[in-house]
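Listed here are the chains, written in short residue letters.
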Amino acid sequence: EGVSLEVRIYTTTGLTAATLTRELSAIYGSQVVSVTWRYDRIGGVDHAEIVVQGGLDLSTATSAQHEAQVERGGVVWYRGRIASHEHFTADGGELRTRIWCEGYVTKLAEIRVSGTWTAGTTIKSVVQDLLTSYVKPASRINFTASNIVGAYALAGALTFEGTALAAFRMLALLQGSTEWGV
């Protein structure tokens, strides 16, 4: 017997992690036909496509950017904002709904960062500063400081003027084989 796969839809309010509220509005288990998503080494999950049986009405979920969460065996494998959906007829005539989601890594490309860090500052400190000062106030992204790695200390000053995603990618290159997810 296999491990069950569920797609949970949550209504959400609040634009930042501090103001976010989530309420479970639907669970799809046996109706799930397929789930695929991309993974980005820096930032975690990216875009996803979820296909379920039936013609689900997701107009409000799409316009309000509610969340879709994929769980396997009770473990969260994916979570992202519902970006759009469409109904289609599969081979055999069954009505299905395709749901496109954006993982929270997509928000990192929308968040602007600007700052300079001095020589001797660790990558971990820079990552925490970026998350605290720029990412968390501008998004639903939250983090656990103890999970951030990055012992490498900057050899010289480092300045960022751009997106949070570009900054995290540069920091990962400096640190080496590092992976951060949101």
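Presented here is a report on the structure given in the accompanying data block. Since we're looking at a predicted model, the values are computed, not measured.

Criteria and cut-off values
Residues numbered from 1 in each chain as written. Predicted model: local features only at pLDDT ≥ 70, side-chain atom pairs only at ≥ 80, totals over all residues. Heavy atoms only, no water. Helix = DSSP H or I, 4+ residues; strand = E, 2+ residues; numbered from the N terminus. Buried < 20%, exposed > 50% of the residue type's maximum accessible area, 1.4 Å probe, protein only. Polar contact = N/O pair within 3.5 Å; in protein donor to acceptor, adjacent residues only side chain to side chain. Contact = heavy atoms within 4.5 Å. Expected span 1.5 Å × (residues − 1). Bend = angle between axes of the 7 residues up to and from the residue.

1. A short note on the side chain of threonine 121
Then step 1. Looking at where threonine 121 falls in the secondary structure, it is placed in the loop between β8 (112–117) and α3 (123–138).
Then step 2. Owing to a relative accessible area of 17%, threonine 121 belongs among the buried residues under this scheme.
Then step 3. There is a polar contact of 2.8 Å between the side chain of threonine 121 and the backbone oxygen of threonine 118.
Then step 4. Leave out the neighbours within four places in its chain, and threonine 121 touches Val126, Tyr152, Ala153 and Leu154.

2. Brief notes about α3
Then step 1. The end-to-end C-alpha distance of α3 is 21 Å, a good match for the 22 Å that 16 residues give at a rise of 1.5 Å each.
Then step 2. Its axis deflected by about 40° at leucine 131, α3 carries its strongest bend there.
Then step 3. Residues Ile123, Val126, Val127, Leu130, Leu131 and Val135 constitute the buried set of α3.

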